[in-house]
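Structural features, examined
Each chain, written out:
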Amino acid sequence: MTELDSLPATRDAYDAVAARYAEQFADTLRDRALERALLAAFAESVRAGGDGEVADLGCGPGHVTAHLRGLGLRAFGVDASPAMIELARKANPDLRFEVGSMAALDIADGALGGVLSRSSIIHTSPKDLPAVVAEFARVLAPGGQLLISCYATDDPAIPAQAFGHSVVTAYRWSPDHLAGLLRDVGLGEVARVLCEPKPTDKRQFRELQLLAAKN
């Protein structure tokens, strides 16, 4: 698969902030009870479907990959940033972390029981997102689970909206548009949750959590 045009800029930007990012988001799930519950439901669904390996795509410094392992999953992480992967390996030497691209995963067809994409599509351009979700579908086994999160557009009729991000250009997505892209590649929506921002949140955007399964 052709590499994404945005990858070099995204990789370089996250390499530059990797250490600060790892420190800032070390307790990323601490105050997110609902997301922890969704991750637990995701883990239960993966185990019920055969307990296959789970890829945390866009894993960053590996905090959430370790959380998945704590939920009993055979999880590993993939990230485009070598600096992030180095930090993840140092923090979790017993877990596997690989440098890679979501658009060209070094994973066999149908090899995984689950894919987690936690905010990892926000830097994917609208023209490239169909190829990325097709790659998610390719690596999942039948019945495999996908949990994907991102910021949601204000108007569901608008497929994507760019927004200012401190690292590199980012996008938020229409829940219906994203669910349609997943459906096009054989990933059926199981559930969606839209979370309203807290008054103290830096970005006053709704956050989408979408669970899907491969047909």
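Structure report, in brief. It should be emphasised that the depicted structure is a prediction, and the values quoted were computed from it without experimental measurement. (Residues numbered from 1 in each chain as written. Predicted model: local features only at pLDDT ≥ 70, side-chain atom pairs only at ≥ 80, totals over all residues. Heavy atoms only, no water.)

**Remarks on the overall build of the protein chain**
Helix and strand counts for the protein chain stand at 6 helices and 9 strands. For 215 residues, the compact-globule estimate of 2.2 N^0.38 gives 17 Å, and the protein chain sits close to it at 16 Å. For the protein chain, the spread of C-alpha atoms along the three principal axes comes to 40 × 40 × 35 Å. Split into buried and exposed, the 215 residues of the protein chain put 47% on the buried side. Partitioning the intrachain contacts of the protein chain with sequence separation of at least 6 by distance along the chain shows that 66% fall at a separation of at least 24. Accessible surface computed for the protein chain: about 9800 Å², of which carbon and sulfur atoms make up 52%. Here the protein chain contributes 22 positive and 28 negative side-chain charges, whose respective centroids are spaced 3 Å apart. (Helix = DSSP H or I, 4+ residues; strand = E, 2+ residues; numbered from the N terminus. Rg over C-alpha atoms; globule rule 2.2 N^0.38 Å. Buried < 20%, exposed > 50% of the residue type's maximum accessible area, 1.4 Å probe, protein only. Contact = heavy atoms within 4.5 Å. Areas by Shrake-Rupley, 256 points an atom, 1.4 Å probe, with all protein chains shown as cover. Lys, Arg positive; Asp, Glu negative; His and termini not counted. Charge placed at Lys NZ, Arg CZ, Asp CG, Glu CD.)

**Structural notes on the packing of helix α5 (residues 129-139) against helix α6 (residues 175-184)**
At a closest axis distance of 9 Å, the pairing of α5 and α6 adopts a crossing angle of 50 degrees. Taken as axis vectors, α5 and α6 run oblique relative to one another. α5 and α6 meet at a crossing whose hand is right-handed. Where α5 abuts α6, its residues L129, P130 and V133 lie against L178, L181 and L182. (Axes fitted to C-alpha atoms, helices over the stretch in contact; angles between N-to-C directions. Parallel < 35°, antiparallel > 145°, perpendicular 65-115°, else oblique. Left-handed = near helix turned anticlockwise from the far one by under 90°.)

**Side note on unusual backbone geometry**
Excluding glycine, a negative phi dihedral is what most residues carry, and trans is how most peptide bonds are arranged. Non-glycine residue D51 carries a positive phi angle of around 60 degrees. Counting through the fold element by element, D51 comes out in the loop between α2 (33-48) and β1 (54-57). For D51, a relative accessible area of 29% corresponds to the partly exposed category. A positive phi is found at S119, a non-glycine position, where the angle reads about 65 degrees. With respect to the helices, strands and loops of the structure, S119 is situated in the loop between β4 (112-118) and α5. Under the relative-accessibility criterion, S119 is labelled partly exposed at 30%.

**Observations regarding α2**
Given a rise of 1.5 Å per residue, 16 residues ought to cover 22 Å, and the 23 Å separating the end C-alpha atoms of α2 matches this to within 8%. Regarding α2, the residues found buried are E35, L39, F42, A43 and V46. With its buried residues spanning 100 degrees around the axis, α2 presents them on a single face. Exposed side chains of α2 directed beyond 90 degrees from the buried face belong to E44 and A48. Contacts made by the buried residues of α2 are with β1, α3 (63-70), β4, β5 (140-151) and β9 (207-214). (Expected span 1.5 Å × (residues − 1). Arc of directions from axis to C-beta.)

**Looking at the pairing of strand β6 (residues 160-163)**
Here β6 shows a clear split, with Q161 and F163 buried on one side and none of A160 and A162 buried on the other. Relative to strand β7 (residues 170-173), β6 is paired through 4 bridges, and the arrangement is antiparallel. Across the sheet, the residue bridging to F163 is A170, located in β7. Counting the residues between successive antiparallel strands, the hairpin from β6 to β7 contains 6 residues. (Pairing = 2+ DSSP bridges.)

**Some words on the sheet that holds strand β3 (residues 96-99)**
Within a sheet, neighbouring strands are paired by backbone hydrogen bonds and run either parallel or antiparallel to one another. Sheet architecture is open: 7 strands sit in the order β3-β2-β1-β4-β5-β9-β8, paired in mixed fashion. Single-partner strands in this sheet number two, and they are β3 and β8 (187-195). Across the sheet, the mean angle separating the axes of adjacent strands is 15 degrees when strand polarity is ignored. In terms of strand pairing, β8 meets β9 through 8 bridges, oriented antiparallel. Counterpart to A191 in the pairing with β9 is L211. Relative to the sheet, α5 contacts β1, β4, β5, β8 and β9, its axis offset from that of β5 by approximately 145 degrees. Sheet strands touched by α6: β5, β8 and β9. Its angle to β8, the strand with the most contacts, is close to 160 degrees.

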